[in-house]
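# Structural characterization, general
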Amino acid sequence: MSATKPIEPAAGDAGQAPKINIERLKQSVLALAKFGYDDSINGVNRLGFGEADMAARRWLMDTLTEEGFDSHMDGAGNVYGRLGPADKPSITMGSHIDSVPASGIFDGALGVMTALEVLRTFKDAGAEPRWPLELLGTSEEEGRFGGMLGAQAVSGDVTPEFLMGAHDADGNRLADAMTAAGLEPLGALEARRSSGSMRAFIELHIEQGPVLDTIGKTIGVVESISGVWKWIIHLRGKADHAGTAPMNMRSDAFMGLADFAHAIPRIIDEHGTDKSRLTVGKVELKPGSPHTIPGEAIFTLVGRDSSSEVMKALEDACHRSLSAIARRHGLRFEYEQVSWLDPSDCSPKITDLFEKLVRERGYSYQRMPSGAGHDTQFMTRITDAGMIFVPSVGGVSHAPDELTHWEDIEAGAQLLADAAWALSHEPE
Ligand code: HGY
Ligand code: MN
Ligand code: MN
């Protein structure tokens, strides 16, 4: 458990942010968790553009408006809240509102609710910063449809082809999901923010890994964010009778998948680094009958590394391995690359600011890379962007038992407020 000093406004620095209200932040996180909460898994299912996701966005917009902040939703479903004039570049704080199918209550949501807490803290203090403060709750960060749609729309990295062609692993089209959510798919093209409209983007996120919890530190100052690519793969063989087809006369799609699973460690050893990851996260066998040899295996493959070159080397090695396996098993190998998100370095200006402020607060901290992808990796394309982590107990995430201690959250939220305070009071 990480040791965190009590939160007191640092003495002597007029520029310190007012104290955040951790109880109010906790209530907000628990309120957002209700959208898509599934008692059967004790977790959250708030898929991008699903009913729960859109209900959560409407709730956030209503909350912002009731509390006197300007609020709107852009064409990509991103929710904005603002304190200060609309005609000046903003200090934007945010993360994502959507979740993976069986999530905890903190992934993405904590960053958005912390941004809300910072807005509230500034407003309560009657702060009138030189640069307006903005909350951004992005859409579809978890890649249900491949990319990080909300953040990519803001940075200008979505295309009409992606918006009209993307689909999820069950074949649901992004365009249909956006339309059902009341959004015009191509409207996401208007969500682009000019680099002059945002002075900085800062994100608080749970680490989703074991580093901070293991070394007993409270804050991660993120220096780089891994890239990620995602394939949907079809291995097509021959459905056949499980009793009459001799073992040496089968084109068994599952056996091809099983061979590939065993090839993954070698592929990483030969072409990857210690930051490389290859994951098969979703598998479907067709026809799915116990007495029929699987004629088809449909599965996702996600590759990650902090280097684009290594990501490409992993892709090529997987392609060669699957082609050889298909030949060996008499299968056809087809795949679709549904996303490629480049890795990104955080802005040194922001990481140095976080490090200065975390030392002033006396919190324990560690500069570190992010193995997970985050909205920040697209915001670095249009502004100075960076992020901080708070510890994940046991490193667990993308699972209902994801947990971060509230005293660590309080420290992280105060640090985000300090960074927003410093950035929003910067001279012209
Ligand atoms: O999967 C990720 O890297 C992130 O949680 N979207
Ligand atoms: Mn996340
Ligand atoms: Mn996630």
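Small disclaimer: the values here were computed from a predicted structure and weren't measured.

## Observations regarding the overall build of the protein
For the protein, the count of helices and strands is twelve helices and 18 strands. Taken against the 2.2 N^0.38 rule, which gives 22 Å for 428 residues, the C-alpha radius of gyration of the protein at 23 Å falls within 12% of a compact globule. On the principal axes, the C-alpha backbone points of the protein span a range of 80 × 45 × 40 Å. A total of 428 residues make up the protein; the buried ones form 56% of that total. When contacts within the protein are restricted to residue pairs at least 6 apart in sequence, long-range pairs at least 24 apart make up 80% of them. Here the protein has roughly 17,100 Å² of accessible surface; of this, 52% comes from carbon and sulfur atoms. On the protein, the mean spot of the 40 positive side-chain charges and the mean spot of the 62 negative ones are 2 Å from each other.

## Observations regarding the pattern of salt bridges
The final tally for this structure, using the stated rule, is 25 salt bridges. Residues Arg24 and Asp124 are paired through a salt bridge, measuring 2.7 Å at the closest nitrogen-oxygen approach. Of the two residues, Arg24 sits in helix H1 (residues 22–33) while Asp124 sits in helix H3 (residues 109–124), which places them 100 residues apart along the sequence. The salt bridge partner of Arg236 is Glu296, with a shortest N-O separation of 2.6 Å. Of the two residues, Arg236 sits in strand E9 (residues 227–236) while Glu296 sits in strand E14 (residues 296–305), which places them 60 residues apart along the sequence. Among the charged side chains, a salt-bridge network with shared partners connects Glu223, Asp352, Glu355 and Arg367.

## A word on the coordination of the manganese ion (ligand 2)
The manganese ion (ligand 2) binds to the protein through His96 (NE2), Asp107 (OD) and His205 (NE2); the donor distances cover 2.1 to 2.2 Å. Sequence spacing of the donors to the manganese ion (ligand 2): H-x10-D-x97-H. The manganese ion (ligand 3) is placed at 3.3 Å from the manganese ion (ligand 2), the two being bridged by Asp107. Remark: His205 occurs in strand E7 (residues 198–206) and Asp107 occurs in the loop between strand E5 (90–96) and H3; sequence separation between them is 98 residues. Residues Asp107 and His205 agree in their burial class; the two are buried.

## Topic: the packing of aromatic side chains
Evaluation of the coordinates by the stated rule reveals seven aromatic pairs. Note on Phe35 and Trp59: the rings are 5.6 Å apart at their centroids and 40° apart in plane angle, and the pair reads as tilted. Residue Phe35 is found in the loop between H1 and strand E1 (37–38), and its partner Trp59 is found in helix H2 (residues 51–66); the two are separated by 24 residues along the sequence. Using a relative accessible area of 22% as the deciding quantity, one classes Trp59 as partly exposed.

## Some words on the site of ligand 1
The local shell around ligand 1 consists of Glu141, Glu142, Gln208, Arg304, Ala372, Gly373 and His398. Arg304 places a side-chain nitrogen or oxygen 2.6 Å from an oxygen atom of ligand 1. Taking Gly373, its main chain carries an N or O atom lying 2.7 Å from an oxygen atom of ligand 1. Protein burial of ligand 1: of its 220 Å² of free accessible surface, 91% is covered by the chains.

## Some thoughts on the packing of helix H8 (residues 253–271) against helix H9 (residues 308–329)
Two elements in contact, H8 and H9, have axes separated by 9 Å at closest approach and are oriented at 145°. Crossing geometry of H8 relative to H9 is assigned as right-handed. Contacts between H8 and H9 involve Met255, Gly256, Asp259, Phe260, Ala263, Arg266, Ile267, Ile268 and His271 on the former and, on the latter, Val310, Ala313, Leu314, Ala317, Cys318, Arg320, Ser321, Leu322, Ile325, Arg328 and His329. Here the residues of the contact of H8 with H9 sort into twelve nonpolar, four polar and four charged.

## A few points about unusual backbone geometry
Note the cis peptide between Lys286 and Pro287, where omega equals 5°. Within the fold, Pro287 resides in the loop between strand E12 (283–286) and strand E13 (292–293). Backbone geometry places Phe49, a non-glycine residue, at a positive phi of 70°. Following the sequence through the fold, Phe49 ends up in the loop between strand E2 (43–44) and H2. One non-glycine residue with positive phi stands out, namely His398, at about 55°. Structurally, the position occupied by His398 is in the loop between strand E18 (384–390) and helix H12 (406–424). For His398, a relative accessible area of 37% corresponds to the partly exposed category.

## Digging into the domain arrangement of the protein
You can read the domains of the protein as domain 1 (22–225 + 344–424) and domain 2 (227–341). Centre-to-centre separation of domain 1 and domain 2, based on C-alpha positions: 33 Å. Contacts between the two partners involve 19 residues from domain 1, matched on the other side by eleven residues from domain 2. Summing both sides of the interface, domain 1 and domain 2 together bury roughly 990 Å²; the carbon and sulfur share of this comes to 57%. In terms of surface lost to domain 2, no three residues of domain 1 exceed Gly146, His167 and Ala169, which account for 38% of the buried area on that side. Applying the counting criterion to the domain 1 and domain 2 interface returns one salt bridge.

## Quick notes on the coordination of the manganese ion (ligand 3)
The manganese ion (ligand 3) binds to the protein through Asp107 (OD), Glu142 (OE), Glu142 (OE) and His398 (NE2); the donor distances cover 2.1 to 2.7 Å. Mapping the donors of the manganese ion (ligand 3) onto the primary sequence gives the spacing D-x34-E-x255-H.

## Quick notes on the side chain of Thr376
With respect to the helices and strands, the residue Thr376 is situated in helix H11 (residues 376–379). Beyond its immediate chain neighbours, meaning those up to four positions away, Thr376 contacts Phe201, Glu203, Ile225, Cys346, Ala385, Gly386 and Met387.

Scoring rules and cut-offs
Residues numbered from 1 in each chain as written. Chains lettered and ligands numbered in written order. Predicted model: local features only at pLDDT ≥ 70, side-chain atom pairs only at ≥ 80, totals over all residues. Heavy atoms only, no water. Helix = DSSP H or I, 4+ residues; strand = E, 2+ residues; numbered from the N terminus. Rg over C-alpha atoms; globule rule 2.2 N^0.38 Å. Buried < 20%, exposed > 50% of the residue type's maximum accessible area, 1.4 Å probe, protein only. Contact = heavy atoms within 4.5 Å. Areas by Shrake-Rupley, 256 points an atom, 1.4 Å probe, with all protein chains shown as cover. Lys, Arg positive; Asp, Glu negative; His and termini not counted. Charge placed at Lys NZ, Arg CZ, Asp CG, Glu CD. Salt bridge = Lys/Arg side-chain N within 4 Å of Asp/Glu carboxyl O. Donors = N, O, S within 2.8 Å, 3.2 Å for Na, K, Ca; no water. Phe/Tyr/Trp six-rings, centres within 6.5 Å; stacked < 30°, edge-to-face > 60°. Near = heavy atom within 4 Å. Polar contact = N/O pair within 3.5 Å; in protein donor to acceptor, adjacent residues only side chain to side chain. Axes fitted to C-alpha atoms, helices over the stretch in contact; angles between N-to-C directions. Left-handed = near helix turned anticlockwise from the far one by under 90°. Nonpolar A, V, L, I, M, F, W, Y, C, P; charged D, E, K, R; others polar. Domains from an automatic or database assignment. Buried area = accessible area lost by both parts, 1.4 Å probe.

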